[in-house]
Amino acid sequence: MRRADGRGLRELREISFERGVNRYAEGSALVRWGDTHVLCTASLEEKVPPFMRGDGAGWITAEYAMLPRATAQRSPRDAAKGRVNGRASEIQRLIGRSLRAAVELSQLGERTVTIDCDVLQADGGTRTASISAGFIALFDALRFMRETEKITEIPLKKQIAAVSVGKVGGRIMLDLCYEEDAAAEVDANLVMTGAGDFIELQGTGEGGSFSRAELAEIIAAGWNGIAEIQRMQRDVLELSEGERELFDRCV
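Residues numbered from 1 in each chain as written. Predicted model: local features only at pLDDT ≥ 70, side-chain atom pairs only at ≥ 80, totals over all residues. Heavy atoms only, no water.

Trainee: Which residues make up helix 6 (residues 241-250), and what are the values?
Mentor: Of the residues making up helix 6, those classed as buried are Glu243, Leu246, Phe247 and Cys250. Considered in projection along helix 6, the buried side chains sweep an arc of 95 degrees and stay on one side of the axis. Of the exposed residues in helix 6, those oriented more than 90 degrees away from the buried face are Glu241 and Arg249. Of the surrounding elements, those touching the buried residues of helix 6 are helix 3 (126-147) and helix 5 (212-237). (Buried < 20%, exposed > 50% of the residue type's maximum accessible area, 1.4 Å probe, protein only. Helix = DSSP H or I, 4+ residues; strand = E, 2+ residues; numbered from the N terminus. Arc of directions from axis to C-beta. Contact = heavy atoms within 4.5 Å.)

Trainee: Run through the UniProt feature "binding site: phosphate" (unreviewed entry) in the protein, naming residues and quoting values.
Mentor: Residues given the UniProt feature "binding site: phosphate" (unreviewed entry) here are Arg87, Gly125, Thr126 and Arg127. In three dimensions, the annotated residues from a span of 41 residues occupy one location, with a maximal C-alpha spread of 13.3 Å. Checked against the element boundaries, arginine 87 lands in helix 2 (residues 86-100). You can call arginine 87 partly exposed: its relative accessible area is 42%. Sequence-distant contacts of arginine 87, that is, excluding residues within four places in its chain, are made with Tyr64, Met66, Thr126 and Arg127. Among the polar contacts made by the side chain of arginine 87, one reaches the side chain of tyrosine 64 at a distance of 3.3 Å. The topology assignment puts arginine 127 in helix 3. Not counting residues up to four positions away in its chain, the partners in contact with arginine 127 are Arg87, Glu90, Ile91, Leu94, Asn189 and Gln202. One polar contact links arginine 127 to glutamate 90, side chain to side chain, over a distance of 3.0 Å. (UniProt positions renumbered as here; feature names shortened; annotations may be inferred. Polar contact = N/O pair within 3.5 Å; in protein donor to acceptor, adjacent residues only side chain to side chain.)

Below you can see the structure in the form of C-alpha cells.
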C-alpha cells in the first residue's frame with residue numbers, strides 16, 4: 001500500500017538536519033522533516049534551578065512553541081495569552097525528560113542547558129522532530145563546554161531520537177503527517193536510545209483500540225525508523241574518532 005505522499009507504510013518522510021544555524025547559541029540545529037520544520041537552539045547558563053543548588057550537578061530543560069503561522073490558521077502567541085498552553089507545556093516536558101536521559105548530569109557542574117524548540121512550520125510530528133534535532137543541538141553545546149574547558153569530557157550516556165507511529169485505516173504507519181495523524185485510530189510517539197531501549201512510549205487509542213500484536217508492530221516500526229534517524233544524527237554531527245567511540249559505548 002502507498003500513502004498519499006507516495007511513501008510505503010514503513011517509510012520516513014524526507015529528513016534533513018542542519019547544524020550551526022544560530023551564531024549565538026552554544027548549539028543549534030534546524031530540522032526539515034517533510035513539511036515540518038523546527039529550529040532547536042541550546043543555551044548554556046552558569047546556574048541551576050533552586051532545587052538543585054549545592055548538589056554539584058547540572059540540568060537540562062526545554063521550551064517549545066509554535067510560530068503564529070506554523071499552521072494553516074494563525075495562532076496567537078503564548079505571550080499574548082499570558083500563559084503557555086497545555087499542549088505546549090506537555091510537549092516541552094517530554095523534550096526535557098528525553099534529553100536529560102542522554103547526559104550524565106552529575107558531570108555538567110552546576111550549569112543549565114536550555115533547549116528551545118520553535119516550530120516554523122507544522123505538518124505532524126513536531127515533538128519527535130524537536131527531540132531528534134534537540135539532541136544534535138545539545139551535543140554541540142556539550143562540545144562547546146569541552147572546548148572551553150568547562151568540562152573535561154563529553155558526559156554522554158545515550159543517543160536519543162524519536163518518531164511517531166500510528167494506526168490509520170487499520171494499518172500501522174511510520175511517521176505520520178498531519179492528515180494521517182488527524183485520521184489515526186491510534187497515535188503513538190516513541191523515544192528510544194541507540195540500544196533500542198525506551199525513554200518514553202506514548203500510545204493512545206484516539207478513535208479505537210489496539211491489540212498486543214499491533215503494539216508489537218508499532219514498536220518494531222518505530223525502532224526501525226529511530227535507528228535510521230540516529231544514523232542521520234551521527235552523520236550530521238561529523239563525529240571525531242573519539243566521539244564515535246563514545247557513541248559506540250552508549251549503545
